[in-house]
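Residues per chain are reported as follows:
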Amino acid sequence: EADIYQTPRYLVIGTGKKITLECSQTMGHDKMYWYQQDPGMELHLIHYSYGVNSTEKGDLSSESTVSRIRTEHFPLTLESARPSHTSQYLCASSRLADYNEQFFGPGTRLTVL
Amino acid sequence: DQQVKQNSPSLSVQEGRISILNCDYTNSMFDYFLWYKKYPAEGPTFLISISSIKDKNEDGRFTVFLNKSAKHLSLHIVPSQPGDSAVYFCAASETGTASKLTFGTGTRLQVTL
């Protein structure tokens, strides 16, 4: 069973605030990912990591940043939230080799007023 | 440019009958394909996958078919059950790209009694 956690599940915040979305996994997976999904749309990759101290930008440009100091932890930070950041953010992890499925967390629904 | 397309936003099927969900892709470099199921307010859950060296993969009630020449894959669910009602996402990846997934927009399946 996949063990990947995201907090908070829901966040409503005002414009200009700094926020950090937490993601942790207990499976020892090397690869971790952040996706953004708007209602009725596909998931878009915004960040990924091969392992500790590795971070890469995904296919969708994002003003958010990520860090990977520990294998199990992959937080996403927005320095100054804007209404355009309102979306669902999904974290995932997978083993290092190719042809492995990604396991997803429950997501954080972010609303910026 | 959407590289993975699910042209049917919704599908309704009677309990016990077959559900067929379709997916088309445009990138000929994709060599690994996955289906995910998503309930509201949860993250996607991995269902089944297929690599490009195969044309069929089965797991219980779920079968995925891949037609590389047509760049088309389909998910068959037999028999359909009410608990299968969810949004189904098709995803694809290319070897050597950190297993980054490109998702379709999803098909909402409703299994009726």
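Shown above is the structure to which this text applies.
In every chain, residue numbers begin from 1 and rise along the written sequence. Chains and ligands are labelled sequentially in the order written, the chains with letters from A and the ligands with numbers from 1. Local features in this predicted model are restricted to residues of pLDDT 70 or higher, and side-chain atom pairs are both shown and tallied only at a pLDDT of 80 or more, whereas totals for entire chains, interfaces and linings draw on every residue. The basis for every side-chain value is the complete set of heavy atoms in the structure, and neither hydrogens nor water enter the calculation.

J.: What should I look at first to understand the sheet that holds strand β6 (residues 56-59) of chain B in this one?
T.: In any sheet, the strands associate via hydrogen bonds between backbone groups, in a parallel or an antiparallel arrangement. All names here are of chain B. Strand order in the open sheet formed by five strands is β1-β3-β8-β7-β6, and the pairing between neighbours is antiparallel. Two strands bound the open sheet, and with one partner strand each, they are β1 (4-5) and β6. We treat two strands as partners when DSSP finds at least two bridges between them. Runs of E in the DSSP output that reach at least two residues are strands. Runs of H or I that reach at least four are helices, and both are numbered from the N terminus. Strand direction decides the pairing type here: strand β3 (residues 19-25) and strand β8 (residues 72-77), joined by six bridges, are antiparallel. Paired with Asn-22 across the strands is Ser-74, a residue of β8.

J.: Looking at this structure, I do not really get the pairing of strand β9 (residues 87-94) of chain A. What am I missing?
T.: Residues in a regular strand project their side chains so that they alternate between the two faces of the sheet. Residues and elements named next belong to chain A. With eight of its eight residues buried, β9 lies for the most part within the structure. Relative accessibility decides the category of a residue: with a 1.4 Å probe and only protein chains considered, values under 20% of the type maximum give buried, values over 50% give exposed, and everything between is partly exposed. Burial along β9 is two-sided: Ser-87, Tyr-89, Cys-91 and Ser-93 facing one way and Gln-88, Leu-90, Ala-92 and Ser-94 facing the other are all buried. When strand β4 (residues 31-37) meets β9, the two strands line up antiparallel, connected through seven bridges. Across the sheet, the residue bridging to Lys-31 is Ser-94, located in β9. Taken together, the three bridges between β9 and strand β11 (residues 108-112) define a ladder with antiparallel strand orientation. Considered in β11, the bridge of Ser-87 is made with Leu-110.

J.: What am I meant to see in the pattern of salt bridges here?
T.: Side-chain pairs of opposite charge can arise where the charged atoms are in close proximity. Residues and elements named next belong to chain A. Here a salt bridge means any side-chain nitrogen of Lys or Arg lying within 4 Å of a carboxyl oxygen belonging to Asp or Glu. Summed over the entire model, instances satisfying the criterion amount to six salt bridges over all chains. Here Glu-63 ties to Arg-82 by a salt bridge, and the two come within 2.7 Å at their closest N and O atoms. In this pair, Glu-63 sits in the loop between β6 (56-57) and β7 (65-66) while Arg-82 sits in the loop between β8 (76-78) and β9, placing the two residues 19 residues apart along the sequence.

All we've got here are geometric facts, nothing functional implied.
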